[in-house]
Amino acid sequence: MKANIAVLPGDGIGPEVVAQGLRCLRAVAKAYGHEFALTELPFGGAAIDLSGNPLPEGTLKACLEADAVLLGAIGGPQWSAPEAQVRPEQGLLALRRALGVYANLRPVKVHPALLAASTLKPEVLQGVDLVFVRELTGGIYFGEKRRDPRSATDVCTYTVEEVERIVRVAARLAQQRRGKLVSIDKSNVLETSRLWREVTTRVMRAEFPKVSLEHMLVDSAAMHLIRRPRDFDVLVTENMFGDILTDEASMLAGSLGLLPSASLGEGTRGLYEPIHGSAPDIAGQGIANPCGTILSAALLLRHSLGLSAEAAALERAVSEAIEHNARTPDIAASRDRALSTERVGDAVLERLRAA
Ligand code: NAD
Ligand code: IPM
Ligand code: MN
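What you are looking at is a predicted structure, and each value in this text was computed from that prediction instead of being measured. (Residues numbered from 1 in each chain as written. Chains lettered and ligands numbered in written order. Predicted model: local features only at pLDDT ≥ 70, side-chain atom pairs only at ≥ 80, totals over all residues. Heavy atoms only, no water.)

Draft legend 1. A look at the overall build of the protein chain. If you tally the helices and strands in the protein chain, you get 12 helices and 12 strands. Here the C-alpha radius of gyration of the protein chain, 20 Å, is about what a compact globule of 355 residues would show, namely 20 Å. Its C-alpha atoms put the protein chain at 50 × 50 × 40 Å along the principal axes. Expressed as a percentage of its 355 residues, the buried residues of the protein chain come to 52%. (Helix = DSSP H or I, 4+ residues; strand = E, 2+ residues; numbered from the N terminus. Rg over C-alpha atoms; globule rule 2.2 N^0.38 Å. Buried < 20%, exposed > 50% of the residue type's maximum accessible area, 1.4 Å probe, protein only.)

Draft legend 2. Seen up close, the pairing of strand β8 (residues 180–185). Of all the six residues making up β8, five are buried; the element is thus mostly covered by neighbouring parts of the structure. Judged from the six bridges that link them, β8 and strand β9 (residues 212–217) form a sheet pairing that is parallel. From the neighbouring strand, V182 faces β9, where its bridge partner is E214. (Pairing = 2+ DSSP bridges.)

Draft legend 3. Region of the structure containing the site of ligand 1. Close contacts around ligand 1 come from 21 residues, with E89, G277, A279, D281 and N289 the closest. One of the backbone nitrogen or oxygen atoms of I74 is found 2.9 Å away from an oxygen atom of ligand 1. Between an oxygen atom of ligand 1 and a side-chain N or O atom of D281, the distance comes to 2.7 Å. Considered on its own, ligand 1 offers 810 Å² of accessible surface; in the complex 70% of this is hidden by protein. Per-class residue counts for the shell around ligand 1 are 10 nonpolar, seven polar and four charged. (Near = heavy atom within 4 Å. Polar contact = N/O pair within 3.5 Å; in protein donor to acceptor, adjacent residues only side chain to side chain. Areas by Shrake-Rupley, 256 points an atom, 1.4 Å probe, with all protein chains shown as cover. Nonpolar A, V, L, I, M, F, W, Y, C, P; charged D, E, K, R; others polar.)

Draft legend 4. The domain arrangement of the protein chain, seen in detail. Its domain assignment divides the protein chain into domain 1 (1–100 + 264–355) and domain 2 (119–253). Distance between the C-alpha centres of domain 1 and domain 2: 25 Å. Taken residue by residue, the interface counts four residues in domain 1 and eight residues in domain 2. Where domain 1 abuts domain 2, roughly 670 Å² becomes buried across the two surfaces, and 65% of that area is made up of carbon and sulfur atoms. The interface formed by domain 1 and domain 2 includes zero salt bridges. Across the contact surface, domain 1 and domain 2 share one residue pair in polar contact (both at pLDDT 80 or more). Looking at the side of domain 1 that touches domain 2 residue by residue, the class counts come to two nonpolar, no polar and two charged. (Domains from an automatic or database assignment. Contact = heavy atoms within 4.5 Å. Buried area = accessible area lost by both parts, 1.4 Å probe. Salt bridge = Lys/Arg side-chain N within 4 Å of Asp/Glu carboxyl O.)

Draft legend 5. Region of interest: the sheet that holds strand β12 (residues 270–272). With mixed pairing, 10 strands are arranged side by side in an open sheet as β2-β1-β3-β12-β11-β4-β5-β10-β8-β9. Either end of the sheet is taken by a strand with one partner, and the two such strands are β2 (35–40) and β9. Taken over all neighbouring pairs, the strand axes of this sheet differ in orientation by 25 degrees on average, direction set aside. Where strand β4 (residues 103–109) lies against strand β5 (residues 129–135), seven bridges are found, and the strand directions are antiparallel. What sits directly across from A103, in β5, is E135. Against the sheet, helix α1 (residues 14–32) engages β1 (2–10), β2 and β3 (68–73), with an angle of about 165 degrees to β1. (Axes fitted to C-alpha atoms, helices over the stretch in contact; angles between N-to-C directions.)

In structure tokens:
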């Protein structure tokens, strides 16, 4: 097949991990006879430096015209002064909004060979397999912001329709998995959460009676997530809670650098990015874990291009590379056995070719 993929390397470790994702996509295209047009575009802090705009018009247009978008990460201290008016993060939020990708899927699966990589006990982690469905284009991220010398305000709004559509995505996913949905909110305090809980209950009763639904308060969910992570199947939550809980959940897998994500809307076009940021503390050293990005490329193949065999092959290649100790320092068995970002990419490509 022919596909048009917009590629946004971004800032910090973004370009380093995206380079490995691109090698994998090229290898998949070659092995399976596809033609992927991969177009790199300026985005984030790099685009601010070039044009003053984190999401230049040309980049947005290319993303809207593409079949899918692969993104590394954006941001960094040089664009993060409290008084900064233009920020890389604004470009990311604007892109998610413009693409209409309201459903952010963040799967967390514990690789048996990485049980020791986590700071948590192996017996708690064994067999963990869950998916977060994070609402991505609403909530406090997108509400009105105000600032005066004595106060600051961020407004959090959710509409009934916004809750309905994200709950449906999560429920359909639960139907294909173990049939268990946990909805996370703060309905003991927040009005938006009371709406969230009401709508979720109604949609699930009316449309998904066979999927079990449990409501959980976000503070308690943060605890249960590391106390008994195996019990979770699909978790649905609003934008900011999902942001925070998925960084926490990455430590189940062993590293923030391992988790991919797919952001989906109504059609098949999607935005694919690792859940981590630009990691300024390790940028430029060639040691960032590329697995989150490579696995995001696999999600792209599956969800936007309908290439499920190719996606599974790429996921298997990553899993086997990890098993055979092709690991960056964040998950390496010991310091002296750690490989660079590129060598891990090499190992994944080798496994892919051998498949
Ligand atoms: P971060 O996710 O960049 O890094 C947090 C920690 O995890 C760091 O110690 C980092 O070294 C480590 N880490 C992250 N990715 C890794 C990888 N692939 N391999 C190995 N280690 C990895 O979060 P931060 O430091 O709080 O934020 C830095 C910048 O990134 C900020 O400007 C923030 O806004 C931005 N950010 C962007 C995105 C995105 O582009 N989607 C996501 C999160 C944060
Ligand atoms: C993420 C990031 C972003 C978010 C930031 C950079 C705006 O943390 O993708 O998880 O909060 O959504
Ligand atoms: Mn985040």
